[in-house]
Amino acid sequence: MAPDASGADPRISASAIRLRKGGEPIVCLTAYTYPIARLLDDHVDLLLVGDSVAMVLHGHKTTLGASLEMMIAHGQAVMRGAAKACVVVDMPAGSYEATARQAVASARRVVGETGCQAVKLEGGVTVARQIAAIVAAGIPVMGHIGLQPQSVESDGGYRIKGRTDENVAALYRDAEAVEKAGAFSVVIEGTVETVAADLTRHISIPTIGIGASGECDGQILVIDDMVGLTVDRVPKFVKQYADLRSVISQAAASYAAEVRSRTFPGPSHVFSAAADKGEA
């Protein structure tokens, strides 16, 4: 969206999100398409173009099916639909892990081709150098610790974090590393509630919870999970606020019945030669 009459950009910035630490909870949802971004924009502070798009829209079994090109295409669609929210695009697996130079190049491509406000990387200590390099290049970074979907194969599944002293210590190291590297916020996913709450109090940047704690500085859900569109298993931590599966199924059933009975299309859905003005 273009600047307003005062010259200010009306979109929420990553730095504005950073300043929300300890304040009003930050409302976040994923978005992957133009119409969904338009519908959500008035209600959220931040839209994440998550690599979950590989599973949600493309049918992959894990987020490892996401590519840089896929993320850019969906990022462009969301940016066209959102005028207010801070838009963050996920860096997919394989686009940043190798070197800081690779990470910066990928982040520059994402921001340059989408216009988004920030990128998100999974990992803590292991990607601190990449986060710092991207931030040094002038691109805001959101971190992601705890359960990391890009590591599902090496972890042996979607395993909740924070259940052992060793793992809790690792979570603290990851949170501190992300903060020190310059991230403006960090997602905490699939982590024992008390541990996520303690991590939120321990670091100075906002935490965004998903399957974590109500004490996090904000919350995020996958939009398709939240509105009941997910056709496969829905995670335990999801609250469904609507049942669009049933709505769509019922609508399709009604349409099919009317087509088969030849009641659709009716007189109001077809064109006559006399009244046709050339518009559909």
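Anything mentioned here points back to the structure above.
The following paragraphs examine the structure supplied in this document.

Conventions adopted
- Residues numbered from 1 in each chain as written.
- Predicted model: local features only at pLDDT ≥ 70, side-chain atom pairs only at ≥ 80, totals over all residues.
- Heavy atoms only, no water.
- Phe/Tyr/Trp six-rings, centres within 6.5 Å; stacked < 30°, edge-to-face > 60°.
- Helix = DSSP H or I, 4+ residues; strand = E, 2+ residues; numbered from the N terminus.
- Contact = heavy atoms within 4.5 Å.
- Buried < 20%, exposed > 50% of the residue type's maximum accessible area, 1.4 Å probe, protein only.
- Pairing = 2+ DSSP bridges.
- Right-handed = clockwise from strand over helix to strand, strands pointing away.
- Expected span 1.5 Å × (residues − 1).
- Polar contact = N/O pair within 3.5 Å; in protein donor to acceptor, adjacent residues only side chain to side chain.
- Axes fitted to C-alpha atoms, helices over the stretch in contact; angles between N-to-C directions.
- Parallel < 35°, antiparallel > 145°, perpendicular 65-115°, else oblique.
- Left-handed = near helix turned anticlockwise from the far one by under 90°.
- Nonpolar A, V, L, I, M, F, W, Y, C, P; charged D, E, K, R; others polar.
- Core = buried A, V, L, I, M, F, W, Y, C linked by side-chain atoms within 4.5 Å.

Digging into the packing of aromatic side chains
Inference 1: Summed over all chains, the structure comprises one aromatic pair.
Inference 2: With 5.9 Å between their ring centres and 65 degrees between their planes, tyrosine 255 and phenylalanine 264 make a pair best called edge-to-face.

Regarding the environment of valine 152
Inference 1: Along the polypeptide, valine 152 turns up in helix H7 (residues 152–155).
Inference 2: With 88 residues separating them in the primary sequence, valine 152 and leucine 64 have C-alpha atoms 9.0 Å apart.
Inference 3: Ignoring any residue separated from it by four or fewer positions in sequence, one finds valine 152 in contact with Thr62, Gly157 and Tyr158.

A short note on the pairing of strand S2 (residues 46–49)
Two faces belong to every sheet, and in a regular strand the side chains alternate between them.
Inference 1: Residues of S2 alternate between two faces, with Leu46 and Leu48 on one and Leu47 and Val49 on the opposite face, all of them buried.
Inference 2: Across three bridges, strand S1 (residues 26–30) lies against S2 in parallel orientation. Across the sheet, residue cysteine 28 finds its bridge partner in S2, namely leucine 46.
Inference 3: Since S1 and S2 lie parallel, the crossover through helix H2 (residues 34–40) that links them has a hand, and here it is right-handed.
Inference 4: Here four bridges tie S2 to strand S3 (residues 86–90), and the two strands are oriented parallel to one another.

Overview of helix H11 (residues 244–260)
For an α-helix, 3.6 residues make a turn, and residues three or four places apart therefore share a direction.
Inference 1: Here H11 is 17 residues long and its end C-alpha atoms lie 24 Å apart, about the 24 Å a rise of 1.5 Å per residue gives.
Inference 2: Two residues or fewer past H11, arginine 262 is found with a positive phi of approximately 60 degrees.

Concerning the side chain of threonine 30
Inference 1: For threonine 30, the position within the fold is in strand S1.
Inference 2: There is a polar contact of 3.2 Å between the side chain of threonine 30 and the side chain of tyrosine 32.
Inference 3: Within the local environment of threonine 30, its side chain forms a polar contact with the backbone nitrogen of isoleucine 223, the two atoms lying 2.9 Å apart.
Inference 4: Setting aside anything within four residues of it in sequence, one finds threonine 30 in contact with Leu40, Leu48, Ser52, Ile220, Leu221, Val222 and Ile223.

Here we look at the packing of helix H6 (residues 128–136) against helix H8 (residues 165–181)
Inference 1: The contact between H6 and H8 brings their axes to 8 Å, and the two run at 20 degrees. Regarding the angle of H6 to H8, the classification is roughly parallel. Relative to H8, H6 is oriented so that their crossing is right-handed. For the pair H6 and H8, contact is made by Ala128, Ile131, Ala132 and Val135 and by Ala177, Val178 and Ala181, respectively.
Inference 2: A class-by-class count of the residues in the contact of H6 with H8 yields seven nonpolar, no polar and no charged.

Section: the pairing of strand S6 (residues 185–189)
Inference 1: A large share of S6 lies buried, amounting to five of its five residues.
Inference 2: Along S6, one buried face is formed by Ser185, Val187 and Glu189 and the opposite face, lined by Val186 and Ile188, is buried too.
Inference 3: Here strand S5 (residues 141–146) runs beside S6; their pairing, made up of five bridges, is parallel. Directly across from glycine 146, in S6, lies its bridge partner glutamate 189.
Inference 4: With four bridges connecting them, S6 and strand S7 (residues 207–210) associate as parallel partners. Note on S7: the bridge partner recorded for valine 187 is isoleucine 208.

Some remarks on the sheet that holds strand S8 (residues 218–221)
Inference 1: Taking strand neighbours around the barrel as the criterion, the eight strands line up as S1-S2-S3-S4-S5-S6-S7-S8 in a closed arrangement whose pairing is parallel. Ignoring which end each strand starts from, the neighbouring axes of this sheet average 25 degrees apart.
Inference 2: Across two bridges, S7 lies against S8 in parallel orientation. Considered in S8, the bridge of isoleucine 208 is made with glycine 218.

Observations regarding the packing of H8 against helix H9 (residues 193–202)
Inference 1: For the pair H8 and H9, the least separation of the axes is 11 Å and the interaxial angle reads 30 degrees. Crossing hand, H8 versus H9: right-handed. Contacts between H8 and H9 involve Val168, Leu171, Tyr172, Ala175 and Glu176 from the former and Val195, Asp198, Leu199 and His202 from the latter.
Inference 2: A per-class count over the contact of H8 with H9 returns six nonpolar, one polar and two charged.

A few points about H8
Inference 1: For H8, with 17 residues, the first-to-last C-alpha span of 24 Å sits near the 24 Å given by 1.5 Å per residue.
Inference 2: With its phi angle positive at about 110 degrees, glycine 182 sits one or two positions after the end of H8.

Regarding the nonpolar core
Inference 1: Counting residues in hydrophobic clusters, the biggest one holds 58 residues, and the most contacted among them are Leu47, Met91, Val110, Val119, Leu121, Ile131 and Ile134.
Inference 2: If one sorts the elements of this core by residue count, helix H4 (residues 68–81) sits on top with six residues.
Inference 3: When residues no more than four places from it in sequence are discounted, the contact partners of valine 119 are Val88, Val89, Met91, Ala107, Val110, Val111, Ile134, Ile139, Pro140, Val141 and Met142.
Inference 4: In terms of nonpolar packing, the next biggest core, distinct from the first, is built from 16 residues, Ile12, Ile17, Cys28 and Ala118 among them.

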